[in-house]
Structures are given as structure tokens and as C-alpha cells.
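Results of the structural survey
Spelled out, the chains give:
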Number of protein chains: 2
Amino acid sequence: MEVTNRYVVIKHNIDGAPLESDFELRTEALSLWIEPGKYDVIVKNLYLSVDPYQLNRMKSPGCFQQDMNFAGAICPGQKINGDGIGRVVASGNPEFKEGDLVSWYCMSWGEYSIIKMSPSNMEGAKLRKIEMMEFPLSYHVALLSLSGITAYAGFFEVCKPKKREKLFVSGASGSVGSLVGQYAKLFGCYVVGCAGSQRKVDLLKEKLGFDEAFNYKEETDLKSALKRYFPDGIDIYFDNVGGEMLEAAIENMNPFGRVAVCGAISEYTDKGRRGAPNMVNVVYKRITIQGFLAADHYKKVYKDFLSTTLEHLQGGKLHVLEDMSHGVESIPSAFAGLFRGDNVGKKMVELLADD
Amino acid sequence: MEVTNRYVVIKHNIDGAPLESDFELRTEALSLWIEPGKYDVIVKNLYLSVDPYQLNRMKSPGCFQQDMNFAGAICPGQKINGDGIGRVVASGNPEFKEGDLVSWYCMSWGEYSIIKMSPSNMEGAKLRKIEMMEFPLSYHVALLSLSGITAYAGFFEVCKPKKREKLFVSGASGSVGSLVGQYAKLFGCYVVGCAGSQRKVDLLKEKLGFDEAFNYKEETDLKSALKRYFPDGIDIYFDNVGGEMLEAAIENMNPFGRVAVCGAISEYTDKGRRGAPNMVNVVYKRITIQGFLAADHYKKVYKDFLSTTLEHLQGGKLHVLEDMSHGVESIPSAFAGLFRGDNVGKKMVELLADD
């Protein structure tokens, strides 16, 4: 059987803020027949994740260091991979059969993902079957996958929190930030988040239970704003944005404060906007600033992460913010919108219509 | 008995680079008689330490956060305290007698130090008798005191080195930097240092045994310079200077690299020169940047520090760079010279002449 697969590529490398016009929708004929002896699996995508870090992979060679042992470059005209889930429609691999629901961090930004596997290709081992269907399927894209583990490992392993410590999280209504704030509240911290609209601020306080939240776009002086929300100083800063907010947080930190650097979205689109944290403060206050990736902590935390997260979900204590676009055509705008702050919670693209 | 005590004060707060004219030499009559019942100790100073961090204590209120639980402000017209050693000339404290050699981190910048003590005042407990006289007396000011412990704790506790890792140290001919590089070499690291003159560079390579050293003032592009000395990347950066050098080091670091932030001398005199390290690198390379103070590690490392340091000294493997000025009048120029890079090794003022 042959189907038509529509997928998205970048037309050229993207070094600034991405625009819809930087992308192109392509069409290919795709045979759902697997050659005998091949272990490939073809997946009809159901939910795709769009994530800010992918922009760094789209930059011109030289703008992004390729020696980081992390996800590779996304090249013009080539398929784009990312997190997602889908249903197996053809399989040469005895471990996966038609109809299986699977998730992988290498789903293609399109209607189908072709996952090349062989008995000796360990990459394929990362394709996971989804069995636990107590919650909406989309939860497996972010909450029970990369976003959730990033938030959990970042908070517990990198921030090393103590109960009653005061935590500040930027990008607080985003995929990771909204979970960090909730894990921290449930653990027993005082939590303040910032976001870029009143609607997001209201959500943080009213739905997610943050102690306080503010709209950073309405603050003329971020240092004073943080001083207002943390008169006794910040113990932990979970940084999703970098730039000026990092500077302001360092200024307001307590001795032995910790900064978990999860992302620096304000710096992805403009190198000129880098923060210049006060290193004199870093020394005298013995601050630790630590960059991290969830993958490094996965093995250590996964079991605890899953049991804690499921327990909070079942108890109705953890709220999931999802922001859904629909159809393969919406991928470019969903992605570009991340850098305009359009999304409220985890941005995803749903591809159910053709199912 | 009454003596004349000459001492140095600042005329006003100093917010930029210090000049000799910011200081004033004052004279007071000092009685060497201790009132019965008082536990005070009067010390004739022999060696005084001048240290860059003291500039931060001289800044205008608001330019330096006083809530850091560290050494307090240095105020105009008041005596200035710092590290030093001297000989007891009067004592009401039965634990110290005339003639004892003592060291303390609160010696006055002048000819005498008056150390107020009482049985309930624990501050006095920090006055230490010097008994081990196998080495020059001046070694007790820096090498066997704050500089040594800072270098040792910073390298072993904060940098957490592994043998054969590649270490870069800035301010490498300074008091702490020169020791860090030597500890690292003796431990088994590859060591490159930077300093501000050819003479210093030669010393690092020829006397201290660094693998490589360079004069940063002769480099137009610090990133490329570090790339040249570290074609396989930096594992550990021991930062004494902050600013652009920190940016360049972050750019050249390997995954899981560690930055120990000991000082940021390039930023002490000019807030505008702050470094803006690339946080995208910090995330993807999982870099840790950690500020530290020796005092926090003192208890844990002191015994190891002392035995390791003495062993290396006795074996002729550790070289001590001292840069001596003479007489109380030379304190202002000794201190101001730190920020011009005049000193080669630990800057001290010797006050033996009047002894």
C-alpha cells in the first residue's frame, strides 16, 4: 500500500527568530511495505512536539556547536525530528506490530515517521510502546516524556531543594516551567513564576497553585520586581530564558543559591541579548549555576519521576497545560509561535484528522 | 609605654580602580598598656596582605551588598583589616604572651593591630600562634593561609579534578592562580595559565612548570587563543578575572566542564566589563559555574591542605611567588598596583624595618 506523506522542512538555516516562511511543506509517496529482512517501522504520527531547543539545531553551521554530543543539526530540505507519538502502520521488527502506540524522540515533523532499525542499530531501542492508557494519549508526548523528566530532574537533582526554600521559575507557563513550579509547590517550596501575559499569570496562580506570578513584560526593572516578590531572597532559580532575567535573579539570590539552567530562549533568537550575571555576586554568595539535560539524569530518576507524577495526577494535584495546533500545515506556525510566547503550556501538533 | 602607630585609611569610598591618592596615612599615639581585666592583644605587624577583594569592601554603600555574611564594609577614615602576621607586644590574654608570632585575618593596615578580645568574644579565637618556623615567616601570610586554602579547596573541592584533565587558570601568576596551577600539575592535570606580561608568562613555564602560558594582552581574540592552547577543549576553568576571559573559556569548554569562580578582578573596577557567558553552551555542555569562598571549605580541607602543601614544599616541588613592598607608606601603592597587574605572585607589605 502506498500513501501520501506530507512533511515539513526548513528552506534554509535560521539564525534569528523563525518565521512561518522559513518552512516548506513537502509531499512524498510512501510505501507502507517493509522489505523482507528489514527491521524498519513506519508510524502514522498522532501528536508531535515542537520545542524551542530545535531552533538551535536549525542555525547555520558555526552558529551552533556540533560537538556537544546532543541532538544533531537540522539541515535545509531534510526531515526534522523531534518528540512525538504515533501508531505503527507497518513493521519489519517483531517487537512492534501494526496498531501499537509508540513514542520516540525521533518522530518526523510530518504525517508519517520512518524509523530505520536493524538488530545491531540500538537507536531503534529508543522506540517505546505506550501501554499505560489511564490518561490522555497526549500526556505521553511531554508530561510523561521529555518535559516531565526535564522538570523533575532539574528540580530534584540540579536544584537540590529543601522544604520551604524559595524558588523562582521563568517561562513558568511553558511546558517545563509549569511542571517545575507544581513539583516545587507539592514538595513544599514557596514558588513564584513569571510569564508574558496576564492570562498566563492568572493560570499560574489560579489553576497551578503558584504562590505568586507576574508578567515580566509589565516590569520596567526586573531586579526590583524580584526584590518585591522575594524580600528575603531567592534560594533556587529555575532558568528557562537566560538574558536579563538571569542577571536579575543572580542579584536577588541568597548565599548558596542554585541556578538550574534548563534553557535560554531569550538568547536563541538573538546573540546580542545574552545576560551578564554579576560574578562578584556569584563568588560572595557562593552561587552555583548549572546547565543540564534531562538525558543525563534519565536512568537515575525515571522510576521516582513516574511514580511521583502518576500519584500527583491521580490525586488531581498536578495540572497539565497543553496547547494544541491541528494538522501538519500548522507545524511552522506552532514552532514560530514559541518564540513569540504564543503558547500556553506544552505546544503540540495533533494529527488525528486523517486517522 | 606609648608608641606612634601609623596606619592607612581610605579618604572616601572607591568605586572604580583605586589610586594612591584615595588613601591617607594617619598617625595616632598608642599605649601598649592593657587595662587589667581586659583580654586585648596588641600586635606589631610584620607582614600585611593586600588583596583585590578588599576593593569591593571599599565601594559606596549599595555598590556592594552587605548581606553576604562575608567580611564587612571598609569605611572612610576607619582602620582597614586584612590578612597579616605580627609579633605580640602587649597582651591581657593568658593564651598569648609578648614575643609570640601570630597571624590573623583581621590585622590592621598599619604598624600595629589592636585585637579586642574577651572570654565571650569568639572573634579573638581566630588569632593563631605561628609555631612551625621551618619556612620563611612570610609563607604564613598567604601560602599557608588564605591564598593556599583558596587554591587548594577551589581546585580539589570545587573543580573536582580527574587526572589528565585539562585546566585553564587566569590570573595565573597571582597569589591564588600560581598555586592552583602547581597543585593541578602535581595532581596530574594538563595546565595552561594566562597572565599580563611576558615576564610572568616565562615564570609560569620556567619556574612553576605550567605546560603552557600566554600573555592575554597580546591576544586579539581570546576565544581563538584558548582554542590554540586547548585543541581538545577545557575541562576545568579556574577563574580569577571574570569578564571576557570567562566568556572565552565557556566557549571552549568540554561537556561536563567545571568553572570555579574565585574572583572577578576585571569586574571589580568597572561594572561595564562584565562577561556574558553563552548560556546555550552552558546548557548543552552541562557546564557548572560555581562561586566559592575558602572559608566554607576550611574545616574540611585544612588537614589535607597542610600535609600536601608541606610535602610539596619540602620536596622542592612547590614554588612560592612573593612580591614585597616595604613600609607602611607603601600600602596604598601596593594595593592600587594589584589592579594594574603590577604584582608578580602574592603581594605583601613588609614592616620589618622599625622592628
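Per an unreviewed UniProt entry, chain A carries the name DH200=94 genomic scaffold, scaffold_67 and comes from Coffea canephora.

On to the overall build of chain A, then. Regarding its fold elements, chain A presents 10 helices and 15 strands. Against the compact-globule benchmark of 20 Å for 355 residues, chain A has a radius of gyration of 21 Å, which places it among compact chains. Oriented by its inertia axes, the alpha-carbon framework of chain A measures out at about 65 × 45 × 35 Å. Out of the 355 residues belonging to chain A, those deemed buried represent 59%. Of all intrachain contacts in chain A linking residues separated by at least 6 positions in sequence, the fraction that spans at least 24 positions is 70%. A total accessible area of about 14600 Å² is found for chain A, and carbon and sulfur atoms account for 49% of it.

Summed over the entire model, instances satisfying the criterion amount to 36 salt bridges over all chains. Linking Lys162 of chain A and Glu165 of chain A is a salt bridge whose minimum nitrogen-to-oxygen distance equals 3.8 Å. On the accessibility criterion, Lys162 of chain A (52% relative accessible area) is exposed. Since its relative accessible area comes to 9%, Glu165 of chain A is described here as buried. Salt-bridge contacts for Arg6 of chain B lead to Glu329 of chain B; the nearest nitrogen and oxygen are separated by 2.7 Å. Here the residue Arg6 of chain B occupies a position in strand β1 (residues 2–10), and Glu329 of chain B occupies one in the loop between β14 (322–326) and α10 (331–338), the gap between them amounting to 323 residues. Assessed through its relative accessible area of 46%, Glu329 of chain B is described here as partly exposed. Each of Arg6, Glu111 and Glu329 of chain A takes part in salt bridges that share partners, so that together they form one network.

UniProt annotation of "transmembrane region" (unreviewed entry) refers to residues 137–156 of chain A when read in the numbering used here. As annotated, residues 137–156 of chain A has a helix share of 55% and a strand share of 0%, and its two end C-alpha atoms lie 26 Å apart.

Because each turn of an α-helix spans 3.6 residues, side chains separated by three or four positions end up pointing in the same direction. All names here are of chain B. Burial in helix α5 (residues 222–229) covers these residues: Leu222, Ala225, Leu226 and Tyr229. End-on view of α5: buried residues confined to an arc of 95°, all on one side of the axis. Where α5 is buried, its residues meet β8 (166–169), β9 (190–195), β10 (212–215), β11 (234–239) and α6 (243–251). Where α5 begins, the side chain of Asp221 points an oxygen toward the backbone nitrogen of Lys223, at a separation of 3.0 Å.

Now for unusual backbone geometry. A positive phi is found at Arg164 of chain A, a non-glycine position, where the angle reads about 70°. Locating Arg164 of chain A in the fold gives a position in the loop between α2 (146–158) and β8 (166–169). Using a relative accessible area of 70% as the deciding quantity, one classes Arg164 of chain A as exposed. Although it is not a glycine, Arg286 of chain B adopts a positive phi angle of roughly 50°.

Take the interface of chain B and chain A next. With 38 residues of chain B in contact, the opposing surface of chain A contributes 38 residues. Surface buried jointly by chain B and chain A totals about 3400 Å² across both partners, of which 58% is contributed by carbon and sulfur atoms. Among the residues chain B hides against chain A, the three largest losses belong to Arg274, Met279 and Tyr284 of chain B. Together they make up 22% of the total. Where chain B packs against chain A, one counts two salt bridges. Put simply, Arg286 of chain B and Asp296 of chain A hold a salt bridge, and the shortest N to O gap is 2.6 Å. Here chain B and chain A share nine residue pairs in polar contact (both at pLDDT 80 or more) between them.

Calculation rules
- Residues numbered from 1 in each chain as written.
- Chains lettered and ligands numbered in written order.
- Predicted model: local features only at pLDDT ≥ 70, side-chain atom pairs only at ≥ 80, totals over all residues.
- Heavy atoms only, no water.
- Helix = DSSP H or I, 4+ residues; strand = E, 2+ residues; numbered from the N terminus.
- Rg over C-alpha atoms; globule rule 2.2 N^0.38 Å.
- Buried < 20%, exposed > 50% of the residue type's maximum accessible area, 1.4 Å probe, protein only.
- Contact = heavy atoms within 4.5 Å.
- Areas by Shrake-Rupley, 256 points an atom, 1.4 Å probe, with all protein chains shown as cover.
- Salt bridge = Lys/Arg side-chain N within 4 Å of Asp/Glu carboxyl O.
- UniProt positions renumbered as here; feature names shortened; annotations may be inferred.
- Arc of directions from axis to C-beta.
- Polar contact = N/O pair within 3.5 Å; in protein donor to acceptor, adjacent residues only side chain to side chain.
- Buried area = accessible area lost by both parts, 1.4 Å probe.

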